[in-house]
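The lines below spell out each chain.
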Amino acid sequence: MAQSEKMKQTLDKLEAGVMEFFTSEKFITYLQVMSKFHTYSANNQVLIAMQMPEATAVAGYNSWIRNFDRHVKGRESITILAPMKLR
């Protein structure tokens, strides 16, 4: 097989894979989560999409009490990465 034919097959596979990814249900779910949590890092957006894509708000336990005067009961927690300030 000629080098140009291998390259064409590789590019065809890549194109098919990209099209499959961008039209998949997981990607659509990620975009929906990303639109709701655009201020979060990409890593945290992925974590939210994996654990609870239907979430409408995400905050720490104490933040719910302090900032929203809400007491969390009977809800399952999810894990996200907390930002760290380096000196």
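These figures come from a predicted structure and were not determined experimentally.

*Asks:* Break down the overall build of the chain for me, citing the residues and quoting the values.
*Replies:* Looking only at helices and strands, the chain has four helices and zero strands in total. Order of helices (α) and strands (β) in the chain, N terminus to C terminus: α-α-α-α. Expressed along its principal axes, the backbone C-alpha trace of the chain runs to roughly 65 × 35 × 20 Å. Counting only residues that meet the buried cut, the chain has 14% of its 87 residues in that class. Sequence-distant contacts in the chain: of pairs separated by 6 or more residues, those separated by 24 or more amount to 29%. Total accessible area computed for the chain in this model is approximately 7,800 Å², and 58% of it derives from carbon and sulfur atoms.

*Asks:* Please give an account of a nonpolar patch on the surface that cites residues and values.
*Replies:* On the surface, Met7, Leu11, Leu14, Val18, Phe21 and Phe22 cluster together to form a nonpolar patch covering roughly 580 Å² of accessible area. Structurally, leucine 11 is set in helix α1 (residues 3-22).

*Asks:* With reference to specific residues and values, describe the confidence of the model for the chain.
*Replies:* This prediction gives the chain a mean pLDDT of 87; 99% of its residues lie at or above 70. When pLDDT is averaged over each helix and strand of the chain, the minimum, 87, is found for α1 and the maximum, 92, for helix α2 (residues 25-36).

*Asks:* Lay out the pattern of salt bridges in plain terms, naming residues and giving numbers.
*Replies:* One pass over the full model with this rule turns up one salt bridge. A salt bridge links lysine 8 to aspartate 12; its shortest N-O distance comes to 3.0 Å. Of this pair, lysine 8 and aspartate 12 both sit in helix α1, separated by four residues, roughly a single helical turn.

Reading guide: rules and limits
- Residues numbered from 1 in each chain as written.
- Predicted model: local features only at pLDDT ≥ 70, side-chain atom pairs only at ≥ 80, totals over all residues.
- Heavy atoms only, no water.
- Helix = DSSP H or I, 4+ residues; strand = E, 2+ residues; numbered from the N terminus.
- Buried < 20%, exposed > 50% of the residue type's maximum accessible area, 1.4 Å probe, protein only.
- Contact = heavy atoms within 4.5 Å.
- Areas by Shrake-Rupley, 256 points an atom, 1.4 Å probe, with all protein chains shown as cover.
- Patch = residues over 30% accessible without salt bridge, like charges linked within 9 Å, V, L, I, M, F, W, Y side chains within 5 Å.
- Salt bridge = Lys/Arg side-chain N within 4 Å of Asp/Glu carboxyl O.
- pLDDT = per-residue confidence, 0-100.

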